[in-house]
Amino acid sequence: GDSVTQTEGLVTLTEGLPVMLNCTYQSTYSPFLFWYVQHLNEAPKLLLKSFTDNKRPEHQGFHATLHKSSSSFHLQKSSAQLSDSALYYCALSEQGTGSKLSFGKGAKLTVSP
Amino acid sequence: AQTIHQWPVAEIKAVGSPLSLGCTIKGKSSPNLYWYWQATGGTLQQLFYSITVGQVESVVQLNLSASRPKDDQFILSTEKLLLSHSGFYLCAWSLGEGEQYFGPGTRLTVL
């Protein structure tokens with residue numbers, strides 16, 4: 001079945017340093033990949049979604065590129081901000097199902113001054 | 001614009017008592033609807049999904065049930081709560097495949 005493996009646990013960075021959270025996946029068919037961000041005591045929000053035409057989605061300084069050859073969708077940002085501190089989940093949806101979103105275990109990013 | 005509302009915002013219940021959580025989405029016709037559960041410090045676990053009124057599919061059995069009585073309404077319930085039911089319950093919607101959008105959630109504490 002389809003699954004997602006992502007950077008897990010605590011990730012601590014100093015403000016201004018680059019952010020890189022890894023996400024790799026296993027999928028039978030062509031999947032959509034997503035990054036969700038969840039701030040403390042809030043619901044998850046969609047941060048990025050993969051495109052089928054090799055465009056690189058960007059939002060709030062974050063970007064990710066779907067690499068089918070390596071089955072990856074790593075999340076990157078050139079310079080971390082204090083407000084980036086949150087939980088980050090990589091998720092996968094199989095095209096043609098519309099019903100199941102498989103989430104990774106999540107990474108808690110803490111950005112310190 | 002679409003809005004998703006969950007009720008109650010928070011609930012404290014006793015072990016063995018019944019539970020009913022609700023979710024309503026406005027501004028979208030015939031959305032796919034989902035229930036998720038998140039233990040404190042845990043990841044998101046999909047519980048149920050519904051593509052149309054009256055049809056609900058179970059993803060994970062946690063002694064919970066779900067129903068979709070109306071196009072815009074999704075209900076999560078149980079007759080007997082367990083301590084392990086504590087957590088954050090999230091309703092989400094999508095139009096077909098792809099991204100899902102989450103409601104604000106209900107925080108449940110079972111004592």
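Refer to the structure above for everything that follows.
1. Focus on the layout of surface pockets
Taking a probe equal in size to a water molecule and rolling it over the atoms shows the remaining empty space.
Next, step 1: In this structure, the largest pocket encloses a volume near 500 Å³.
Next, step 2: Secondary-structure elements contributing two or more residues to the lining of the largest pocket are β10 (86–94) and β12 (107–112) of chain A together with β9 (87–94) of chain B.
Next, step 3: Partitioning the lining of the largest pocket into residue classes produces seven nonpolar, 13 polar and four charged.
Next, step 4: The volume enclosed by the second largest pocket comes to roughly 160 Å³.
Next, step 5: As for the second largest pocket, its lining consists of 13 residues, and the residues nearest its centre are Val37, His39, Leu47, His59 and Gln60 of chain A.
Next, step 6: Among the elements that make up the lining of the second largest pocket, the one with the highest residue count is strand β6 (residues 45–49) of chain A (three residues).

2. Some words on the interface of chain A and chain B
Next, step 1: Taken residue by residue, the interface counts 22 residues in chain A and 23 residues in chain B.
Next, step 2: Buried surface at the junction of chain A and chain B, summed over both partners, amounts to about 1,600 Å²; 54% is from carbon and sulfur atoms.
Next, step 3: Connecting chain A to chain B are one salt bridge.
Next, step 4: Between Glu99 of chain B and Lys49 of chain A there is a salt bridge, with its nearest N and O atoms 2.9 Å apart.

3. So, the state of the cysteines
Residue and element names in this part refer to chain B.
Next, step 1: For the coordinates displayed, the defined rule picks out two disulfides over all chains.
Next, step 2: A sulfur-sulfur distance of 2.0 Å marks the disulfide that ties Cys23 to Cys91. The disulfide joining Cys23 to Cys91 has a torsion of about -75 degrees about its S-S bond and is therefore left-handed. One end of the pair, Cys23, is in strand β3 (residues 19–26); the other, Cys91, is in strand β9, with 68 residues separating them in the sequence. Like Cys91, Cys23 is buried.

4. Points about the sheet that holds strand β7 (residues 65–70) of chain B
Where strands meet in a sheet, backbone hydrogen bonds hold them as pairs that are either parallel or antiparallel.
Residue and element names in this part refer to chain B.
Next, step 1: The antiparallel open sheet is built from four strands, whose spatial order is β1-β3-β8-β7. With one partner strand each, in any of the chains shown, β1 (3–7) and β7 form the two edges of the open sheet. Ignoring which end each strand starts from, the neighbouring axes of this sheet average 20 degrees apart.
Next, step 2: Of the pairings in the sheet, the one linking β1 to β3 comprises five bridges and is antiparallel in character. Opposite Ile4, over in β3, you have Ile25 as the bridge partner.

5. Considerations on the nonpolar core
Next, step 1: Residues Leu21, Leu33, Trp35, Leu47, Leu75 and Tyr88 of chain A are the most contacted members of the largest nonpolar core, which totals 25 residues.
Next, step 2: When residues of this core are traced back to their parent elements, those giving at least two are β2 (9–14), β3 (19–21), β4 (23–26), β5 (31–38), β6, β8 (62–64), β10 and β12 of chain A.
Next, step 3: Of the residues forming this core, the biggest block, four residues, is contributed by β10 of chain A.
Next, step 4: Those residues in contact with Leu21 of chain A, other than ones at most four positions away along the chain, are Thr7, Val11, Trp35, His74, Leu75, Tyr88 and Ala107 of chain A.
Next, step 5: Grouped together as the second largest cluster of nonpolar side chains are 20 residues, Trp35, Leu76, Tyr89 and Cys91 of chain B included.

6. Here's the deal with the pairing of strand β5 (residues 44–52) of chain B
Residue and element names in this part refer to chain B.
Next, step 1: Of the pairings in the sheet, the one linking strand β4 (residues 32–38) to β5 comprises six bridges and is antiparallel in character. In the sheet register, Gln38 faces β5, and the bridge partner there is Leu44.
Next, step 2: Between β4 and the antiparallel strand that follows it, β5, lie five residues; Gly41 among them carries a positive phi value of about 80 degrees.
Next, step 3: With three bridges joining them, β5 and strand β6 (residues 55–58) adopt antiparallel strand pairing. When the sheet's bridge partners are listed, Thr52 is paired in β6 with Gln55.
Next, step 4: Turn length for the β5-β6 hairpin, with the two strands adjacent in sequence and antiparallel, is two residues, and the turn residue Gly54 shows positive phi of about 80 degrees.

7. Description of the sheet that holds β8 of chain A
All names here are of chain A.
Next, step 1: Strand order in the open sheet formed by four strands is β3-β9-β8-β7, and the pairing between neighbours is antiparallel. Each edge of the sheet is formed by a strand with only one pairing partner; in this case those strands are β3 and β7 (58–59).
Next, step 2: Bridge count between β3 and strand β9 (residues 75–77): three bridges; the pairing is antiparallel. Bridge assignment links Leu21 to a residue of β9, and that residue is Leu75.

Rules used in this analysis
- Residues numbered from 1 in each chain as written.
- Chains lettered and ligands numbered in written order.
- Predicted model: local features only at pLDDT ≥ 70, side-chain atom pairs only at ≥ 80, totals over all residues.
- Heavy atoms only, no water.
- 1 Å grid on protein atoms, 1.4 Å probe; cavity = no way out; pocket = protein on both sides within 12 Å on 5 of 7 lines; lining within 4 Å.
- Points joined across faces, edges and corners; volume = space filled by probe spheres on them.
- Helix = DSSP H or I, 4+ residues; strand = E, 2+ residues; numbered from the N terminus.
- Nonpolar A, V, L, I, M, F, W, Y, C, P; charged D, E, K, R; others polar.
- Contact = heavy atoms within 4.5 Å.
- Buried area = accessible area lost by both parts, 1.4 Å probe.
- Salt bridge = Lys/Arg side-chain N within 4 Å of Asp/Glu carboxyl O.
- Disulfide = S-S within 2.5 Å.
- Buried < 20%, exposed > 50% of the residue type's maximum accessible area, 1.4 Å probe, protein only.
- Pairing = 2+ DSSP bridges.
- Axes fitted to C-alpha atoms, helices over the stretch in contact; angles between N-to-C directions.
- Core = buried A, V, L, I, M, F, W, Y, C linked by side-chain atoms within 4.5 Å.

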